[in-house]
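Residue strings, one per chain:
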Amino acid sequence: MAAPNGGLINETNQQYYAGSQIIMAAGAELSLVYTFDEPLKLYSGTSWSPLDSDHYQNNFIFEYSPNGLAPYPEYTIDFKIANNTITRVDGLAFDAGFYRVRLRETNYGSYIGISLNEIINNFIVAYVGDGKLIPSVKRTDVLFHAKRGMQEFSYDTLRSVKQQELSVPNNLSIILPQDYVNYVKISRVDALGVKHIIYPTRLTSNPTEMPIQEIDTGAPIQDQYANNLQGTPIIEENWANADDKRITGTYDPNFQNAQINANTWNGNTVGQRYGLNPETSNMNGWFTINNREGKISFSSNLVGSLIIFEYISDGLAYDADTVVPKMAEEALYAHIAYSILAGRVNVPEYIVQRYKRDRSAKLRNTKIRLSNIKLEEITQVMRNKSKWIKH
Amino acid sequence: MAVSVDTVYRTVLLIMNKESRGYLTPDEYNKIAEQVQFEMFNEYFEDLNQQLRVPENDSEYSNRVKNLEEKLALFKTTPKAAIYNPGGYFNLPTPPVQSAQETFTSVVGQAAYAFQVLQASEVASGTLQVFYDGVLKTEGADYTISPGGGFINLIPPAMGVFTINVVLYQNDFYKLGTVIYDNKIEIERLNRNNFLYINMSDLTKPNENNPIFIFEENKLYVYPDSIINNVTANYLRKPISPVWSFTVNQGYVYDPINSVDFELQPTEQTSLITRILLYAGVVVRDPQLVQLAAGQIQNEKVNEKS
């Protein structure tokens, strides 16, 4: 691969693949300029020291070797950094030798995206100014619409699905992640690592309030602060204790106390069970969203199971989230332009409509692109369907 | 390249035909010249605003927006560091070039010293540095300046003989331009009421990637509060007042060394002359001259804006 030569790639192969850059100093250099895309940051004024308790929070390690050969021990003289330029605090020159910066985290695959800040800057450059449809705009307005666009795109367009591997604990509930917006899919994973989808159930739900009632009238009872006293959730407890075989109809010769699937009845009716409901007749279990506690509750048969929890966030939860796939870049520009023009006075309606259609078309394109529909993959799947596909 | 203050003066006198209409003294001329230069400078902003609202042409020398930008370019400063004040704001960049200075020799027991060289109004509006025998002193602790700018008061009164050197940095700030953080991020200007709402929204709350500032009492309040350095600002400075300096030798003799030319572009020479003539006509009470100049100015405006 070519070295950076003025294109969009600024890092060398060593910077990208090894996450490091070595600068050779002759002995007179007062500063060492590194060219990582990622800004090098010291966590604090003292965290340069390998002995400092916050040293591990720096996003890089600064090392020195007098001859360029391993080992590269950490540099132990007080230094500071600004704009990826390292200088000694005492103002002296660096000794002759080889100075290596190693990133603690690599940025593999970062070329697929563009940061939200770049989107905002690019938008202001290309869409705002004299002689353009948007003569002037506050950066905060662009920021707002860009972030809102990012949120909307995250919900149904971007591949922003996050996955957590979890075990269902004894209380059958897992806490919703901090950046949870909606679930995509929850699956039980068997011993082979194959996913089995767990469906939400309509058979039960998690009440949001459980007021303690007066026995005679049924009226809720209040505490000294005039709020309703809350009881314990009996429904959830029952659901947690429920034997799922009574719901799924699973045949079990040892199931002596079955009500809908009694052994005697079942034994006489093997092969004659009609009207099974796919929603309930599976052994994968169910889940409900418990909004009261901010948890997901699972059916009792899943205790101890390994699950994959796939959910979407809004793309803004953490700084690292705020990366827009390049395939959605144009759609986000269109979204910002439309949102700004639609909210302005004296913009002719035909302009607004033009930008609305523009946004819609670009968003559709983005969805198609990000769907990753490949002809060969479809063909391979459809071969299983005993159909002749010409390609 | 500037417009020669002498050329303009001579042309004005020529057109006035001083023998028949009266004479415009250098002092009158200097005052009118300053007024006219500032007037024309101020009009650039409105003209530019007007021209930005009409379609531009792509010609090399007749693009009005470009021409106006060129006229203003001379007064645009490059970004200079704004100084953080522990009070939580940044002061505007201090002009780097001193405009004048005055030296006193202290008298034992004397506290107040009246400025003779420095103009009181300039002292009041400018920034001072005061040195006692070359040592920089602090305003408030070592000295104060009288409210009108006419005196410096030593704290305490002089207890010995030393040299007081007062250096004046003329406050040439006129309009604030772009405020920049870390040499790459533009800090957005907001009004206080907008800031309150923007600060309350999680989506728009200022951060180091999207900082904002409020400009009040000539101070920059930058948010987020974590920004306490690396703030620069450029601004538009005021034009330096033109001065037609002279020596007296059987009349007024032009002194090119102490004179200050107009700072406007050479293309403005004819406009300068016409406008000075207008005021000169008022000074010498010549309606014909006023009418002639006013008509000429009107024609120019119509031509420039139609």
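Everything quoted here is computed from the prediction, not taken from an experiment.

**Q** Explain the overall build of chain B here, please?
**A** The secondary structure content of chain B amounts to eight helices and 17 strands. With respect to the three principal axes, the spread of C-alpha positions in chain B is 65 × 65 × 30 Å. Classification of the 306 residues of chain B by burial places 41% in the buried group. Of the contacts formed within chain B by residues at least 6 apart in sequence, a portion of 67% connects residues at least 24 apart. Charge centroids of chain B, computed over 23 positive and 35 negative side chains, lie 3 Å from each other.

**Q** Would you explain the interface of chain A and chain B in this entry?
**A** Size of an interface, as often reported, equals the accessible area lost when the parts are brought together. If you look at the interface, chain A gives twelve residues, while chain B gives 13 residues. Approximately 1200 Å² of surface area, both sides summed, lies buried where chain A meets chain B, with 49% of it carried by carbon and sulfur atoms. Considering only the surface of chain A that becomes buried against chain B, Lys138, Arg139 and Thr140 of chain A emerge as the three largest contributors, covering 38% of it. Between the two partners, chain A and chain B, sit zero salt bridges. Counting across the chain A and chain B interface gives four residue pairs in polar contact (both at pLDDT 80 or more). Element by element, the count of residues in the side of chain A that touches chain B is highest for helix H3 (residues 139-156) of chain A, at seven residues.

**Q** Whenever I open this one, empty space enclosed by the protein confuses me. Can you help?
**A** One way to see where empty space is left: roll a probe the size of a water molecule over the atoms. Residue and element names in this part refer to chain A. Under the counting rule described, the total for this entry stands at one cavity of 30 Å³ or more. As a volume, the largest cavity reaches approximately 40 Å³. Around the largest cavity, the lining residues are Leu42, Ser47, Trp48, His55, Asn58, Phe60, Ile61, Phe62, Glu74, Tyr75 and Phe79. By residue number, the principal contributor to the lining of the largest cavity is strand E3 (residues 60-65), which donates three residues. Looking at the lining of the largest cavity, its residues break down into seven nonpolar, three polar and one charged.

**Q** Looking at this structure, how should I read the domain arrangement of chain B?
**A** The domains assigned to chain B are domain 1 (5-75 + 245-305), domain 2 (80-92 + 182-237) and domain 3 (97-170). Relative placement of domain 2 of chain B and domain 3 of chain B: their C-alpha centres are 33 Å apart.

**Q** Quick question: what am I supposed to make of the packing of helix H3 (residues 26-52) of chain B against helix H8 (residues 287-305) of chain B here?
**A** Between two packed helices, both the angle of their axes relative to each other and the distance between the axes serve to describe the pair. It is the contact of H3 of chain B with H8 of chain B, at a shortest axis distance of 11 Å, that shows an interaxial angle of 35 degrees. Taken together, the residues of H8 of chain B that come into contact with H3 of chain B (itself represented by Glu43, Asp47, Gln50 and Gln51 of chain B) are Lys301, Glu304 and Lys305 of chain B.

**Q** Looking at this structure, how should I read the pattern of salt bridges?
**A** Side chains that differ in charge, positive against negative, can pair when their charged atoms come close. Counted by the stated rule, this structure contains 23 salt bridges over all chains. Lys362 of chain A serves as the salt-bridge partner of Asp358 of chain A, at 3.1 Å between the closest nitrogen and oxygen. Here Asp358 of chain A pairs with Lys362 of chain A, and both are found in helix H8 (residues 349-371), just four residues apart, close to one helical turn. Residue Glu43 of chain B is joined to Lys301 of chain B by a salt bridge in which the shortest nitrogen-to-oxygen separation is 3.9 Å. Of this pair, Glu43 of chain B sits in helix H3 while Lys301 of chain B sits in helix H8, and the two are 258 residues apart along the sequence. Exposure remark for Glu43 of chain B: the relative accessible area of 22% places this residue in the partly exposed category.

**Q** Could you clarify how one ought to interpret the sheet that holds strand E9 (residues 151-154) of chain B in this entry?
**A** The pairing of strands in a sheet comes from backbone hydrogen bonds and takes either a parallel or an antiparallel form. Residues and elements named next belong to chain B. An order of E5-E9-E8 is seen for the three strands of this open sheet, with the pairing classed as antiparallel. Of all strands in the sheet, those bounded by a partner on one side alone are strand E5 (112-114) and strand E8 (143-145). Within the sheet, the average angular offset between the axes of one strand and its neighbour, ignoring direction, is 20 degrees.

**Q** How should the pairing of strand E14 (residues 219-223) of chain B be read in this particular structure?
**A** Along any regular strand, the residues point their side chains to alternate faces of the sheet. Residue and element names in this part refer to chain B. Burial analysis of E14 places four of its five residues in the buried class, which makes it a mostly covered element. As paired strands, strand E3 (residues 89-91) and E14 are joined by two bridges and run antiparallel to one another. Bridged to Asn91 within E14 is Lys219. Hairpin connection of strand E13 (residues 212-216) to E14: two residues between the antiparallel strands, including Glu217 at a positive phi of 50 degrees.

**Q** Teacher, can you tell me more about unusual backbone geometry here?
**A** Among all residues save glycine, negative phi is the norm, and among peptide bonds the norm is trans. Here the residue pair Ala70 of chain A and Pro71 of chain A is connected by a cis peptide bond, since its omega of 0 degrees sits within 30 degrees of zero. By the secondary structure assignment, Pro71 of chain A is in the loop between E3 and strand E4 (79-82). Across the junction of Ile155 of chain B and Pro156 of chain B, the peptide omega takes the value -10 degrees, indicating a cis bond. Mapped onto the fold, Pro156 of chain B is located in the loop between E9 and strand E10 (163-169). One non-glycine residue, Asn83 of chain A, adopts positive backbone phi at about 50 degrees. With respect to the helices and strands, Asn83 of chain A occurs in the loop between E4 and strand E5 (85-88). At Asn372 of chain A, a residue that is not glycine, the phi angle is positive and equals roughly 55 degrees. When you line up the elements, Asn372 of chain A lands in the loop between H8 and helix H9 (375-383).

**Q** Sorry if this is basic, but what is going on with the pairing of strand E12 (residues 286-290) of chain A here?
**A** Residue and element names in this part refer to chain A. In terms of burial, E12 is largely enclosed, as four of its five residues are buried. Of the strand pairs in this sheet, E12 and strand E13 (residues 295-298) are connected by four bridges, and their pairing is antiparallel. Of the residues in E13, the one forming a bridge with Phe287 is Phe298. Remark: four residues form the turn of the hairpin made by E12 and E13, two consecutive strands paired antiparallel; Gly294 in that turn has positive phi of roughly 70 degrees.

**Q** Looking at this model, I keep getting lost on the environment of Ala158 of chain B. Mind explaining?
**A** Residue and element names in this part refer to chain B. For Ala158, the position within the fold is in the loop between E9 and E10. Residues Ala158 and Ala280, 122 residues apart in the sequence, show an inter-C-alpha distance of 49 Å. Leave out the neighbours within four places in its chain, and Ala158 touches Ser106, Val107, Val108, Gly109, Gln110 and Tyr113.

**Q** I'm lost on helix H2 (residues 116-127) of chain A in this one. Help?
**A** For an α-helix the count is 3.6 residues per turn, leaving residues at separations of three or four pointing the same way. Over its twelve residues, H2 of chain A extends 16 Å from the first C-alpha to the last, a length consistent with the 16 Å expected when each residue adds 1.5 Å. Phi turns positive one or two residues past the end of H2 of chain A, at Gly129 of chain A, with a value near 150 degrees.

Procedures and definitions
- Residues numbered from 1 in each chain as written.
- Chains lettered and ligands numbered in written order.
- Predicted model: local features only at pLDDT ≥ 70, side-chain atom pairs only at ≥ 80, totals over all residues.
- Heavy atoms only, no water.
- Helix = DSSP H or I, 4+ residues; strand = E, 2+ residues; numbered from the N terminus.
- Buried < 20%, exposed > 50% of the residue type's maximum accessible area, 1.4 Å probe, protein only.
- Contact = heavy atoms within 4.5 Å.
- Lys, Arg positive; Asp, Glu negative; His and termini not counted.
- Charge placed at Lys NZ, Arg CZ, Asp CG, Glu CD.
- Buried area = accessible area lost by both parts, 1.4 Å probe.
- Salt bridge = Lys/Arg side-chain N within 4 Å of Asp/Glu carboxyl O.
- Polar contact = N/O pair within 3.5 Å; in protein donor to acceptor, adjacent residues only side chain to side chain.
- 1 Å grid on protein atoms, 1.4 Å probe; cavity = no way out; pocket = protein on both sides within 12 Å on 5 of 7 lines; lining within 4 Å.
- Points joined across faces, edges and corners; volume = space filled by probe spheres on them.
- Nonpolar A, V, L, I, M, F, W, Y, C, P; charged D, E, K, R; others polar.
- Domains from an automatic or database assignment.
- Axes fitted to C-alpha atoms, helices over the stretch in contact; angles between N-to-C directions.
- Pairing = 2+ DSSP bridges.
- Expected span 1.5 Å × (residues − 1).

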